[in-house]
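Okay, here's what each chain looks like letter by letter:
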Amino acid sequence: MSKLIELTKMDTRRILVNSDFIETVEATPDTVLILYSGRKLLVKESPEEIIRIIGND
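To start, this report covers the structure provided alongside it. The model shown is predicted, which means the values in this text are computed figures rather than measured ones.

1. So, the environment of Lys 3
Alright, step 1. Mapped onto the elements, Lys 3 comes out in the segment before strand E1 (4-8).
Alright, step 2. According to the relative accessible area criterion, Lys 3 is buried, its value standing at 18%.
Alright, step 3. Residues Lys 3 and Asp 30, spaced 27 residues apart in sequence, show a C-alpha to C-alpha distance of 23 Å.
Alright, step 4. At 2.9 Å, the side chain of Lys 3 and the backbone oxygen of Ile 53 are in polar contact.

And the structure:
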């Protein structure tokens, strides 16, 4: 089920990401989303927060 989630980039800009396009989430210690396209997004939310956001309907 496709779901847009709102996340915060490191420069405080808010972005919407289709959760179906997320391949992996890494904590390096910053949180990096790796999309199926290969694009990487650095966000402020922790992996745990992202899981919680995706899980909320």
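Once you've had a look at it, read on.
2. Looking at the nonpolar core
One broad rule of soluble globular proteins: the nonpolar side chains tend to lie buried together.
Alright, step 1. Ile 5, Leu 7, Ile 15, Val 17, Ile 22, Leu 33, Leu 35, Leu 41, Val 43 and Ile 50 together form the largest nonpolar core, which totals 10 residues.
Alright, step 2. Within the residue set of this core, elements represented by two or more residues are E1, strand E2 (14-18), strand E4 (31-35) and strand E5 (40-43).
Alright, step 3. Here Leu 35 is in contact with Val 17, Phe 21, Ile 22, Glu 23 and Leu 41, once residues within four sequence places are set aside.

3. Let's talk about the sheet that holds E5
Alright, step 1. Here 3 strands make up an open sheet; going across it, the order is E3-E4-E5 and the pairing antiparallel. At either margin of the open sheet sits one strand with a lone partner, and together these are strand E3 (22-27) and E5. Strand-to-strand twist of the sheet, defined as the mean angle between neighbouring strand axes without regard to direction, takes the value 20°.
Alright, step 2. Alignment of E4 against E5, held across 4 bridges, turns out to be antiparallel. Bridging from a neighbouring strand, Ile 34 pairs with Lys 40 of E5.
Alright, step 3. The sheet contacts of helix H1 (residues 47-55) involve E3, E4 and E5, and relative to E3 the element is tilted by about 145°.

4. Observations concerning the pattern of salt bridges
Alright, step 1. Tallied over the full model, the rule gives 3 salt bridges.
Alright, step 2. Overlapping salt bridges, with partners in common, bring together Glu 6, Arg 14 and Glu 45 in one network.

Calculation rules
- Residues numbered from 1 in each chain as written.
- Predicted model: local features only at pLDDT ≥ 70, side-chain atom pairs only at ≥ 80, totals over all residues.
- Heavy atoms only, no water.
- Helix = DSSP H or I, 4+ residues; strand = E, 2+ residues; numbered from the N terminus.
- Buried < 20%, exposed > 50% of the residue type's maximum accessible area, 1.4 Å probe, protein only.
- Polar contact = N/O pair within 3.5 Å; in protein donor to acceptor, adjacent residues only side chain to side chain.
- Core = buried A, V, L, I, M, F, W, Y, C linked by side-chain atoms within 4.5 Å.
- Contact = heavy atoms within 4.5 Å.
- Pairing = 2+ DSSP bridges.
- Axes fitted to C-alpha atoms, helices over the stretch in contact; angles between N-to-C directions.
- Salt bridge = Lys/Arg side-chain N within 4 Å of Asp/Glu carboxyl O.

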